[in-house]
Amino acid sequence: VEQLMQDVRSEMIDEKGLDPEVADRIGEYVRLNGKLELVEQLMQDEQMMKNKMARQGVEEMKLILTYCQLFGVLDKVSFDLSLARGLDYYTGIIYEAVLTAEKAQTDGTDKNEPVGVGSVAGGGRYDGLVGMFDPKGKKVPCVGVSIGIERLFSLMEARAEKSEEKVR
């Protein structure tokens, strides 16, 4: 992970022309993850809150968590600031759906911990993409997702084999 961060830092400085201090600051942010405590931490960051777009993004993160709480899924959602997509058409939030499984504890306690099985879907907001194909360049609000069907089938097959269920 640290080597990857160094590579990204070098790219930001050497290829994108960012000031090394700015690249280091970005590096601090992408190491962060969490839920409401992360949003609160970011809201306390005076330097970040001076930036209108950053402030708007953090406020939107808080709004998403509010909706998640209202729908009873807050325990299923977290923000990972290292998540990135390599496509320039994303204009807002990007997301990833990750399956988890419970890992049995070996320390004698009854509490099982969730373990990441892998990403099965990803997507985000891309308001400018449709406009690229419109002669007038009109912005159309869009959100999309792609689902890893092969990944899901592989996981379902592995589960069926493990449980010795007959499938067809």
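The shown structure was predicted, so the numbers you read here are calculated from the model rather than taken from an experiment.

Considerations on the overall build of the protein chain
Next, step 1: Secondary structure summary: the protein chain contains six helices and five strands in total.
Next, step 2: Listed N to C, the secondary structure of the protein chain is α-α-β-α-α-α-β-β-β-β-α in terms of helices and strands.
Next, step 3: Each of the 168 residues in the protein chain was classed as buried or not, and the buried ones make up 19%.
Next, step 4: For the protein chain, restricting intrachain contacts to residue pairs at least 6 apart in sequence, the fraction spanning at least 24 positions comes to 41%.

Observations regarding helix H5 (residues 52-70)
Next, step 1: Relative to the 27 Å expected for 19 residues at 1.5 Å per residue, H5 spans 27 Å between its end C-alpha atoms, a close match to the ideal helical length.
Next, step 2: Residues Val-58, Met-61, Leu-65 and Cys-68 constitute the buried set of H5. One side of H5 holds all its buried residues, which, seen down the axis, span an arc of 75 degrees. Exposed side of H5, more than 90 degrees from the buried face: Lys-52, Met-53 and Leu-70 are the residues found there.
Next, step 3: In this fold, the buried residues of H5 make contact with helix H3 (36-43), helix H4 (46-49) and strand S2 (79-80).
Next, step 4: The backbone nitrogen of Met-53 lies 2.9 Å from a side-chain oxygen of the residue at the head of H5, namely Asn-51.

Some remarks on the packing of H3 against H5
Next, step 1: The contact between H3 and H5 brings their axes to 10 Å, and the two run at 155 degrees. The angle between H3 and H5 falls in the class roughly antiparallel. As for the relative orientation of H3 and H5, their crossing is left-handed in sense. In this structure, H3 contributes Leu-36, Leu-38, Val-39, Glu-40, Leu-42 and Met-43 to the contact, and H5 contributes Val-58, Glu-59, Met-61, Lys-62 and Leu-65.
Next, step 2: Residue classes in the contact of H3 with H5 are distributed as eight nonpolar, no polar and three charged.

Topic: the packing of aromatic side chains
Next, step 1: Enumeration according to the criterion identifies one aromatic pair in this entry.
Next, step 2: Between Tyr-90 and Tyr-126, the ring centres sit 6.3 Å apart and the planes meet at 80 degrees, which makes this aromatic pair edge-to-face. Placement of the pair is Tyr-90 in the loop between S2 and strand S3 (94-103) and Tyr-126 in the loop between strand S4 (113-125) and strand S5 (143-147), with a sequence separation of 36 residues.
Next, step 3: With a relative accessible area of 18%, Tyr-126 lands in the buried category.

Regarding a nonpolar patch on the surface
Next, step 1: Residues Leu-63, Tyr-67, Leu-70, Phe-71 and Val-73 make up a contiguous nonpolar surface patch of about 560 Å² in total accessible area.
Next, step 2: By relative accessible area, Leu-63 is classed as partly exposed at 44%.

Comments concerning the nonpolar core
Next, step 1: Listed in full, the 11 residues of the largest apolar core are Tyr-29, Leu-32, Leu-38, Val-39, Leu-42, Met-48, Met-49, Val-58, Met-61, Leu-65 and Phe-79.
Next, step 2: When contributions to this core are tallied by element, the ones reaching two or more residues are H3, H4 and H5.
Next, step 3: If near-sequence neighbours (up to four positions away) are discounted, Met-49 is found in contact with Leu-42, Met-43, Ala-54, Arg-55 and Val-58.

A closer look at the packing of helix H1 (residues 2-15) against helix H2 (residues 20-29)
Two quantities define a packed helix pair, namely the angle between the helix axes and the distance between the axes.
Next, step 1: Packing of H1 against H2 brings their axes to within 9 Å, and their N-to-C directions diverge by 145 degrees. In terms of crossing hand, the pair formed by H1 and H2 is right-handed. Here Met-5, Arg-9, Met-12 and Ile-13 of H1 come into contact with H2, specifically with Pro-20, Ala-23, Asp-24, Ile-26 and Gly-27.
Next, step 2: Its residues assigned to classes, the contact of H1 with H2 comprises six nonpolar, one polar and two charged.

So, the pattern of salt bridges
Next, step 1: The tally for this structure, following the rule as stated, stands at seven salt bridges.
Next, step 2: With its nearest N and O atoms 2.8 Å apart, the salt bridge here joins Asp-45 to Arg-25. Taken together, the residues Asp-45 in the loop between H3 and H4 and Arg-25 in helix H2 connect sequence positions 20 residues apart.
Next, step 3: On the basis of relative accessible area, Asp-45 is assigned to the buried category, the value being 14%.
Next, step 4: Lys-76 is paired through a salt bridge with Asp-75; the nearest N and O atoms lie 3.4 Å apart. For the pair Lys-76 and Asp-75, a shared accessibility class is recorded, and that class is exposed.
Next, step 5: Each of the salt bridges in this network shares a partner with another, and the network as a whole consists of Arg-25, Glu-28 and Asp-45.

The rules behind the values
Along each chain, residues carry numbers from 1 onward, in the same order as the chain's sequence is written. Only residues with pLDDT of at least 70 get local features here, since the model is predicted, and only at 80 or more are side-chain atom pairs given and counted; chain-wide, interface and lining totals rely on the full set of residues. Processing note: side-chain calculations cover all non-hydrogen atoms of the structure and skip hydrogens and water entirely. Helix and strand definitions follow DSSP, with helices as H or I runs of at least four residues and strands as E runs of at least two, each counted in order from the N terminus. Per-residue accessibility, obtained with a 1.4 Å probe over protein chains only, is compared with the maximum for each type, and a residue is labelled buried under 20%, exposed over 50%, and partly exposed between these values. Here a residue-residue contact requires only that any non-hydrogen atoms of the pair lie within 4.5 Å. Multiply 1.5 Å by the residue count of a helix minus one, and that product is the helix's expected span. Arc definition: directions from the helix axis to the C-beta atoms. Under this definition, polar contacts are N or O atom pairs within 3.5 Å; protein pairs additionally need one hydrogen-donor-capable and one acceptor-capable atom, and for neighbouring residues in sequence, both atoms have to be side-chain atoms. Under this scheme, a helix contributes an axis fitted over its contacting stretch, all axes are lines through C-alpha atoms, and angles between N-to-C directions fall in the 0 to 180 degree range. Small angles under 35 degrees read as roughly parallel and large ones over 145 as roughly antiparallel, with 65 to 115 read as roughly perpendicular and the rest as oblique. Rotating anticlockwise by less than a right angle from the far helix to the near helix defines a left-handed crossing, while the corresponding clockwise rotation defines a right-handed one. Nonpolar residues are Ala, Val, Leu, Ile, Met, Phe, Trp, Tyr, Cys and Pro. Charged residues are Asp, Glu, Lys and Arg, and all others, Gly as well, are polar. Note on aromatic pairs: the rings of Phe, Tyr and Trp (six-membered ring only in Trp) are paired at centre separations within 6.5 Å, and the planes decide the class, stacked below 30 degrees, edge-to-face beyond 60, tilted for the rest. Surface patches are drawn from residues lacking salt bridges whose relative accessible area is over 30%; two like charges belong together within 9 Å, two nonpolar side chains (Val, Leu, Ile, Met, Phe, Trp, Tyr) within 5 Å. Under the convention used here, a 1.4 Å probe and the Shrake-Rupley method define accessible areas, while residue burial counts only the protein chains that appear. In what follows, salt bridge is the name for a side-chain nitrogen of Lys or Arg lying within 4 Å of a carboxyl oxygen of Asp or Glu. Put simply, buried Ala, Val, Leu, Ile, Met, Phe, Trp, Tyr and Cys residues joined by side-chain atoms within 4.5 Å make one nonpolar core.

Structural measurements only, silent on function.
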